[in-house]
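Here is how the chains run, residue by residue.
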Amino acid sequence: MLVHTIDLKFEGRGGAIGAFLVEGPGGHVLIESGPESTFEALVSGLGEHGVGAGDLAGLFVTHVHLDHAGAAGKLAAEGVPVFVHPKGARHLLDPERLVGSAKQVYGDRFERLWGGMAPVPEGLLTVVGDAEIVSVAGLEIEAVDTPGHAFHHHAYAVGDVCFAGDAAGVAVGPSGFISVASAPPSFHLEHTLASIDKLARRGFHELFLTHFGEVSDVGSHLSSYRDAVELNATFVKQRLQEGMDAESLRVAYQAFNLEQAFRHECSRNDWEILEAVNGAEMCADGIRLFWEKRAEGET
């Protein structure tokens, strides 16, 4: 098996969003489609490896957020079968509600950032459950249920290699700083920690992050990410206990993360990439909503 990372050059930046072309003995599969806005970059990247979009034996999306699955419908239009978590399938079949919610958040920036999202025809969509193994292109691909960032999140295991989506955080560049993937509305602290532990128990040799690229020291990365999740969740909880309002919390959380990034010698360019794909203010909202729901007995 060979894994080729395709840099989708989101917003013209390298190292922000990746898709992974996995070469098996019987063909190629793709892990993550990226957004529709980067579809041309995806097709170009596939072409560099002699693969056309319609040549793919399957597309596996870790979850249905636009930066991971936005172009799934475009690939399905080329005849590519799409594999997804049971709780995400309805959004690929009919993405109208998902797109509508994103347009409310991003407004005039929506089309530039994400492009859109075409539906996946029912005949090309396959639901895969936790621990289910799909045989495609001569590969055995196992779905690993990993909620916390989203309730419809899978990591995918191929032997001792794991494609983690957002379950193992966001790490850009060489600094070692890991940004907590806690976008609203579905972030859940205990589920996130349990998913990290689940991946750690598997003893994977390699980990691939959609944001961004290969991690070779898997155990250290997952341990560091677990610490980061707990640290940032506690920070938000303490600010809420102090009575901080939502807007002030966004500013405080961003400053808290910027300080952490500075300690790791994260470059300005890498920080800007992090803000583009996992903005601190957005992540503050996700953790805040979790604690507010917990206080109301909803989680």
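Just above, that's the structure.
Throughout what follows, the structure given in this document is the object of discussion. Being a predicted model, the structure only gives us computed values, none of them experimental.

What counts, and at which threshold
Residues numbered from 1 in each chain as written. Predicted model: local features only at pLDDT ≥ 70, side-chain atom pairs only at ≥ 80, totals over all residues. Heavy atoms only, no water. Buried < 20%, exposed > 50% of the residue type's maximum accessible area, 1.4 Å probe, protein only. Helix = DSSP H or I, 4+ residues; strand = E, 2+ residues; numbered from the N terminus. Pairing = 2+ DSSP bridges. Salt bridge = Lys/Arg side-chain N within 4 Å of Asp/Glu carboxyl O.

### Some remarks on the pairing of strand β7 (residues 133-136)
Then, number 1: Here β7 shows a clear split, with Val134 and Val136 buried on one side and none of Ile133 and Ser135 buried on the other.
Then, number 2: Direction of pairing for β7 relative to strand β8 (residues 139-145): antiparallel, over a ladder of four bridges. Counted as the bridge partner of Ile133 is Glu142 from β8.
Then, number 3: Here β7 folds back onto β8 in antiparallel fashion, the turn holding two residues, of which Ala137 has a positive phi close to 55°.

### Description of the pattern of salt bridges
Then, number 1: Tallied over the full model, the rule gives 14 salt bridges.
Then, number 2: A salt bridge links Lys198 to Asp130, with the shortest nitrogen-to-oxygen separation between them at 3.3 Å. Of this pair, Lys198 sits in helix α7 (residues 189-202) while Asp130 sits in the loop between β6 (125-127) and β7, and the two are 68 residues apart along the sequence.
Then, number 3: The partly exposed category is assigned to Asp130, whose relative accessible area is 43%.
Then, number 4: The partner of Arg226 in a salt bridge is Glu230, with the nearest N and O atoms 3.2 Å apart. Within this pair, Arg226 and its partner Glu230 are both found in helix α8 (residues 218-241), separated by four residues, close to a single helical turn.
Then, number 5: Linked by salt bridges that have partners in common, Glu247, Arg250, Asp285, Arg288 and Glu292 make up one network.

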